[in-house]
Every structure is written in C-alpha cells, then in structure tokens.
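Each chain is listed here by its residues.
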Amino acid sequence: MRMNKDIRNDIEIDNFIQDNLKVAINNQRVPDEAKDRIMQEIGIECKTIRHVFVKRFTACAAAALLIFFLASILSPNIGAALNIRLFTRVETFLENTIFNISEVYRQDTTITNNKMNPPPINKETEIQKTLEDAKRKLPFKPFMPGWLPEGVTLKDVEVIGEEDIVKIILKYSDKQLMISEMGLCDNVSLGVSFDIEDTVVENTMVRGIEGTIIKLKNDMVILKWADQGVFYSIEGYLTPDEIKKIANNLQN
Amino acid sequence: MISLINKKYTISTDLQKYIYETYFNQVFKIALSITQDISLSEEICQETFITCFQKYYQLKDPLKMGPWLSTITLNIARSMLKKKSKIIPMALEEIAEKNNVEYNTPESIYQTYELQEELLYVVGKLSIELQEVVILKYYHDLEITEIAEMIGVPDGTVKSRLFRARKKLKEIIDKSETLLSLKLREG
C-alpha cells in the first residue's frame, strides 16, 4: 500500500476504512464453543435445557428397558405381560399417529361399490302384536303348531327380513321353545355348523322329509328341515321326541 | 447466579434468545477486533448481552439494535481493559497468527490480510470515543445524525470525532507502515 502512499485525504481514508474495516471485523474467528458457553453464563436456557431433556429422556428409556429386561429374566410371565403391554401401547401410539386412518360413512345409496358404507340398520325386525299381522307380511303361508307341551303358550311373534329371505319366529313362554320358518328365494343356500365334540347330530324323518336333529351339550334340542322353499327350525329344552312331535303336528 | 441474573432481565426469554442468536457473532467479533484476546472477548460479550437484556427498554429504535450493541461492547471493552490493564493491541504477527493468517501466504492474499489486520491494529490504537464513531460509521454505515443520537452527543461532536479519528488513523498508519517495514526487513 501501502497506505501512506495512496491515502492523501479524508475521502481516501473513508474509502479505505469503508472497504476494509467491515471485512476485517467479519474475518475474526469465533471459537466454536464460545457461543454455548456464554449463553449458559448469561442464563439463556436454550440448548442447555434441550441437552438436559435429551439426557433425562435417554436415562428414563434406558431404565425402562432395563426393568423389562430384568423382569423377563427374573419372572418370565410378568416380563412377558409387561412387554406385551408396552408393545401394545407403542403399536397403538404409532397406529394413531402414523396411519391416522379416518372413515367416512355416507348414506348415499347410489354408491353401491363403496366398501366403507356403514352396516345396514336392522329395520326389518318387527315384533308383531298379533299372529295375523305377521302372517300378512310373509310371502308364504306359515305352519302353526298343532300340539305343544303342557303349559307352553305363544309369547312373541317376530318377522325378520324382506324380499330374498323372510323369517317368522314364534317364541313361546316356556322351555325356551322357538319355532322359526324362513322362506327362501332361488339361489340361496343355508348351512348350519356345530362343534361335533359337544353336539350330537342325527338325521331323522320329519313330515316325510329328511331333517336333522341336533342335541347340544346344554340339553337344548334343535330340529331343522326344509320343505318347498321354506326352512324350518324348532328348538327348545325339550326331548327329541317332543320336538319331533311338534314338527309333525304343524298345520296351516 | 443464573436465576439472579434472570430476575433482572426486563425482556422475555424468547426475545433474549432471538437477540443473542442474531447478534452474537457481531458482538464477539467487534470485541475480538478491539482486544485481540479470546477470553477477554468472551467476558465482554457476556457483559454486553447482560447489559442489553437489562437496559433493553432504553433502546428507542429496535432497528438500531446492532449499533447499540456495538456501543455497549466498546464501552464494556474499555472498562475491562482499564480494569485489567491490558496492553493492546498485540504485535501484527500475533494478530495474524490468532486469526489463522500466515505470513508465508501468496503475495496477493498476504497483502489483503495484512491490510485488514493493519487496519484493526490502528483502530485498536484509537481512544474508545473515536473507536465508537469509527465502528458506527464504517461498520454499521450510520449517518452522522444517527451516530449522534445513538451515543447522545451533538452532530458536531460526531463530526469532530470522525475528523480526529481520520487524522489519528493516518498518523498511526504512517507509523505502523514504518514499523512494519522495519519488522519485515529484520525478518
């Protein structure tokens, strides 16, 4: 420069300082740890608190894992239970936060392929006040018992379903006797499954048609058969003979 | 100690953090430029922010936070230097060494660094009043009236100090030029 040769007046000094002072100050190197150290000294709780929080969280997590580990060794049952509970909690937490599934139900009946439609409201079940009202709702003429055990009287009449499957249930006052008759349309098949270890299943003739009589472990007896598009079922705490007698005495 | 300090602060913790994060480098670098002493600069920096948080309400224009902090930094630096009887600045070689500037660099780089280090050297030789106006004028680019308002003196005083600062700088530059030439020749 150097400077004394070039700088002759105030403007030159101004320009010289202007050009270099800012750069000179900004070129000063700040030690890496100085900022945090001074911050801590001043009392601004910033990174310090974060560090403490991270340390405490890590310590708590480590302690929890150690407890689960020791519990698993010392008492496998308790350990397993705790672990399952922990994992269930974590799973629930992750499910709720990561996937965040929301379901929207719509009553729009034009959307036929929407799997998210709500389950249909069972408006079809109606308890009829009289047997005559129930008969009027059926597409078939139901049979009524011509013989019943002593003291058993009709209590309720229900009609369930519409169009494809319509069912009438006659509930009686005693022995939990229940007679159901279900009218089936074409292309509808029904099946009944029972646990064979607890159930005795036998084929029997009912009204000249082969039916199935099922004896449950709890002494309930069920008789089922199908005739001319109607599926019949009689069940109750009766003997098989009594059930078959009711079936054979059904009449229009 | 920390809790006692916190009670004295007149501003929220969030604002403290914001000011600290924004102006830390500026304050530290100015302190380091004046003292060329890292540990002393840390002390100055610490005291500067404590003063800032305590007297924040005295700042009339928040946009002038940078220059205001520089003024505080220089005042604290002066009082600390007096208290500790520090002799500043150091020799040019030491300044360059502290700032990772090697004397054996290529000529062009060497000259640029040397020029800036020499400028800091001569600014450091000025009195605190003159340093104040020089920093506010050339580092913060403030106008005469803004500097006057900032340090609470008439415009004429600022002009006078700037005039004296330029004159002093030129004198010191001439001397340092001679000294530097001698040192380089000896080396």
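Placed above this text is the structure.
Owing to the predicted nature of the structure, the values given are computational and were not obtained by experimental measurement. (Residues numbered from 1 in each chain as written. Chains lettered and ligands numbered in written order. Predicted model: local features only at pLDDT ≥ 70, side-chain atom pairs only at ≥ 80, totals over all residues. Heavy atoms only, no water.)

## Re the side chain of Lys29 of chain B
Among the secondary structure elements, Lys29 of chain B is positioned in helix 2 (residues 13-35). Assessed through its relative accessible area of 16%, Lys29 of chain B is described here as buried. Those residues in contact with Lys29 of chain B, other than ones at most four positions away along the chain, are Ile25, Asn26, Gln28 and Val30 of chain A. (Helix = DSSP H or I, 4+ residues; strand = E, 2+ residues; numbered from the N terminus. Buried < 20%, exposed > 50% of the residue type's maximum accessible area, 1.4 Å probe, protein only. Contact = heavy atoms within 4.5 Å.)

## Here we look at the pairing of strand 7 (residues 209-215) of chain A
Residue and element names in this part refer to chain A. Of the strand pairs in this sheet, strand 6 (residues 200-206) and strand 7 are connected by seven bridges, and their pairing is antiparallel. The residue of strand 7 that forms the bridge with Thr204 is Gly211. Pairing geometry for strand 7 and strand 8 (residues 221-227), over four bridges, is antiparallel. Across the sheet, residue Thr212 finds its bridge partner in strand 8, namely Lys224. Counting the residues that bridge the hairpin from strand 7 to strand 8 gives five residues, and of these Asp219 lies at a positive phi of roughly 75 degrees. (Pairing = 2+ DSSP bridges.)

## Examining the environment of Ile44 of chain A
With respect to the element layout, Ile44 of chain A can be found in the loop between helix 3 (34-42) and helix 4 (47-74). Residues contacting Ile44 of chain A, with those up to four places away along its chain left out, are Met39 of chain A together with Gln16, Lys17, Tyr20 and Phe53 of chain B.

## A closer look at a nonpolar patch on the surface
Residue and element names in this part refer to chain A. On the surface, a nonpolar cluster with roughly 550 Å² of combined accessible area is contributed by Leu66, Phe69, Leu70, Ile73 and Leu74. Structurally, Leu66 is set in helix 4. Among the residues examined, Leu66 registers a relative accessible area of 49% and is labelled partly exposed. (Patch = residues over 30% accessible without salt bridge, like charges linked within 9 Å, V, L, I, M, F, W, Y side chains within 5 Å. Areas by Shrake-Rupley, 256 points an atom, 1.4 Å probe, with all protein chains shown as cover. Salt bridge = Lys/Arg side-chain N within 4 Å of Asp/Glu carboxyl O.)

## Considerations on the packing of helix 3 of chain A against helix 2 of chain B
Between helix 3 of chain A and helix 2 of chain B, the least distance of the axes is 11 Å, while the angle of their chain directions is 115 degrees. On the basis of their axis angle, the class for helix 3 of chain A and helix 2 of chain B is roughly perpendicular. Between helix 3 of chain A and helix 2 of chain B lies a crossing whose hand is right-handed. Together, Ala34, Lys35, Ile38, Met39 and Ile42 of chain A of helix 3 of chain A and Tyr20, Glu21, Phe24 and Phe28 of chain B of helix 2 of chain B make up the contact between the two elements. Its residues assigned to classes, the contact of helix 3 of chain A with helix 2 of chain B shows seven nonpolar, no polar and two charged. (Axes fitted to C-alpha atoms, helices over the stretch in contact; angles between N-to-C directions. Parallel < 35°, antiparallel > 145°, perpendicular 65-115°, else oblique. Left-handed = near helix turned anticlockwise from the far one by under 90°. Nonpolar A, V, L, I, M, F, W, Y, C, P; charged D, E, K, R; others polar.)

## Things to note about the packing of aromatic side chains
Counted by the stated rule, this structure contains six aromatic pairs over all chains. Centroid distance Phe49 of chain B to Phe53 of chain B: 6.1 Å. Interplanar angle 40 degrees. Geometry classified as tilted. Placement of the pair is Phe49 of chain B and Phe53 of chain B together in helix 3 (residues 38-54), with a separation of four residues, close to one helical turn. Taking relative accessible area as the criterion, Phe49 of chain B reaches 0% and is therefore assigned buried. Against the face of Phe143 of chain A rests Arg207 of chain A, its NZ or CZ located 4.3 Å from the ring centre. (Phe/Tyr/Trp six-rings, centres within 6.5 Å; stacked < 30°, edge-to-face > 60°. Lys NZ or Arg CZ within 6 Å of the ring centre and 35° of its normal.)

## Digging into helix 7 (residues 128-139) of chain B
Residues and elements named next belong to chain B. Burial runs high along helix 7: 11 of the 12 residues are buried. Within helix 7, burial applies to Ile128, Leu130, Gln131, Glu132, Val133, Val134, Ile135, Leu136, Lys137, Tyr138 and Tyr139. Two residues or fewer after helix 7 comes Asp141, characterised by a positive phi angle close to 55 degrees.

## Quick word on the side chain of His140 of chain B
Residues and elements named next belong to chain B. By the secondary structure assignment, His140 is in the loop between helix 7 and helix 8 (144-151). A distance of 2.5 Å separates the side chain of His140 from the side chain of Ser70, its partner in a polar contact. Here His140 is in contact with Gln26, Ile30, Gly66, Pro67, Ser70 and Ile135, once residues within four sequence places are set aside. (Polar contact = N/O pair within 3.5 Å; in protein donor to acceptor, adjacent residues only side chain to side chain.)

## Description of unusual backbone geometry
Residues and elements named next belong to chain A. Phi at Arg207 takes a positive value of approximately 50 degrees, unusual for a residue other than glycine. Inspection of the secondary structure puts Arg207 in the loop between strand 6 and strand 7. With relative accessibility at 29%, the residue Arg207 sits in the partly exposed group.

## Focus: the pairing of strand 8 of chain A
All names here are of chain A. Extensive coverage of strand 8 is indicated by the burial of six of its seven residues. When strand 8 meets strand 9 (residues 230-236), the two strands line up antiparallel, connected through seven bridges. The residue of strand 9 that forms the bridge with Lys224 is Ser233. Counted along the chain from strand 8 to the antiparallel partner strand 9, the turn is two residues long, and its residue Gln228 has a positive phi close to 50 degrees.

## Structural notes on the environment of Tyr237 of chain A
Residue and element names in this part refer to chain A. Tracing the sequence through the fold places Tyr237 in the loop between strand 9 and helix 7 (240-248). Sequence separation of Tyr237 and Asp174 is 63 residues, and the distance between their C-alpha atoms is 8.8 Å. Side chain to side chain, Tyr237 and Asn218 meet in a polar contact 3.5 Å long.

## Comments concerning helix 3 of chain B
Residue and element names in this part refer to chain B. Look at helix 3: 24 Å from first C-alpha to last across 17 residues, which is about the 24 Å you get at 1.5 Å a residue. Of all 17 residues that make up helix 3, 12 are buried, and the element is covered over most of its length. When we look at burial in helix 3, the residues that qualify are Leu40, Ser41, Glu42, Ile44, Cys45, Gln46, Thr48, Phe49, Ile50, Thr51, Cys52 and Phe53. (Expected span 1.5 Å × (residues − 1).)

## Side note on the nonpolar core
Counting 65 residues, the largest nonpolar core has Leu21 of chain A together with Ile19, Phe24, Phe49 and Val158 of chain B as the members making the most contacts within it. Among the elements that take part in this core, helix 2 of chain B stands out by supplying 10 residues, more than any other. The residues touching Leu21 of chain A, leaving out its near neighbours within four places in the chain, are Leu119, Leu120, Val123, Val134, Tyr138 and Tyr139 of chain B. Counting residues in hydrophobic clusters, the runner-up holds 28 residues, among them Ile168, Trp225, Ile246 and Leu250 of chain A. (Core = buried A, V, L, I, M, F, W, Y, C linked by side-chain atoms within 4.5 Å.)

## Details of the pattern of salt bridges
Applying the stated criterion across every chain yields a total of nine salt bridges over all chains. The partner of Lys22 of chain A in a salt bridge is Asp141 of chain B, and the shortest N-O contact between them spans 2.6 Å. On the criterion of chain membership, the pair formed by Lys22 of chain A in helix 2 (residues 10-26) and Asp141 of chain B in the loop between helix 7 and helix 8 is interchain, its members lying in two chains. Between Lys64 of chain B and Asp61 of chain B there is a salt bridge, with the nearest N and O atoms lying 3.5 Å from each other. Within the structure, one salt-bridge network assembled from shared partners comprises Glu33 and Arg37 of chain A together with Glu42 of chain B.

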